[in-house]
Amino acid sequence: APGAIQEMKTMAILYPNLTGSRSLTSMLQELRPEDRLEALAAPHLAQIVMSEAKWQWCLEGDAGQFIAGMAIIPDLGSKGWLVSYPGAAITTGLELRPMLRIFKILGQMGVYSELRAWVCHDDPRAIRFAKAFGFVYDCGPATGLSPTGRDMDLFIWRAT
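Residues numbered from 1 in each chain as written. Predicted model: local features only at pLDDT ≥ 70, side-chain atom pairs only at ≥ 80, totals over all residues. Heavy atoms only, no water.

(A) Region of interest: the packing of aromatic side chains. Counted by the stated rule, this structure contains six aromatic pairs. Between F103 and W157, the ring centres sit 5.6 Å apart and the planes meet at 70°, which makes this aromatic pair edge-to-face. Here F103 is found in helix α4 (residues 97-109), whereas its partner W157 is found in strand β8 (residues 152-158), with 54 residues between them in sequence. Neither residue differs from the other here; F103 and W157 are each classed as buried. An aromatic cluster of at least three residues, connected via ring pairs, comprises F103, F129, F133, F135 and W157. Lying over the aromatic face of W81, R116 brings its terminal NZ or CZ to 4.5 Å of the ring centre. (Phe/Tyr/Trp six-rings, centres within 6.5 Å; stacked < 30°, edge-to-face > 60°. Helix = DSSP H or I, 4+ residues; strand = E, 2+ residues; numbered from the N terminus. Buried < 20%, exposed > 50% of the residue type's maximum accessible area, 1.4 Å probe, protein only. Lys NZ or Arg CZ within 6 Å of the ring centre and 35° of its normal.)

(B) Structural context of the side chain of R22. In this structure, R22 sits in the loop between β2 (12-15) and α1 (24-29). Within the local environment of R22, its side chain forms a polar contact with the backbone oxygen of G64, the two atoms lying 2.6 Å apart. Filtering out sequence-adjacent residues up to four positions away, R22 remains in contact with M27, E30, C58, E60, G64, Q65 and F66. (Polar contact = N/O pair within 3.5 Å; in protein donor to acceptor, adjacent residues only side chain to side chain. Contact = heavy atoms within 4.5 Å.)

(C) Local environment of the pairing of strand β3 (residues 55-60). Buried residues dominate β3, accounting for five of its six residues. Sheet topology places β2 next to β3; three bridges connect them, and they run antiparallel. Bridging across to β3, I13 finds its partner in E60. The antiparallel pairing of β3 with strand β4 (residues 66-74) creates a hairpin that spans five residues between the two strands, and G64 there sits at a positive phi of about 85°. (Pairing = 2+ DSSP bridges.)

Next comes the structure, spelled out in structure tokens:
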């Protein structure tokens, strides 16, 4: 696929866009069930991510299944927001290694000094994901903040 980076060990393909080889509508349908509900409650947010995020990626498995999407939306200066879209096809966090590598490279390059991410307060997998990427809990929960009314915690990553 044009512009795709193939990860040889896992046979995953990392695309430089949020949806990979599929449409946004199709990608949203392939999210984990709880994340699908959130995304479909406010699909315009994913459209904004696609149009505003300079850095965005999609990870697909070797059979073309949607593993995950991730983007960084710029804010003021060298600050931004990390958003992620976990696919229902994720079987282990190890599958996300290509995305983690890209994220670490951006951190080493000094592209961002601080990133923030809203994480559902009652989602242990999402919290583990944030922590795996070096985010730390900042505050929360923000009551009813998600599109479906779930409570969310704010996590922050700062360059070292």
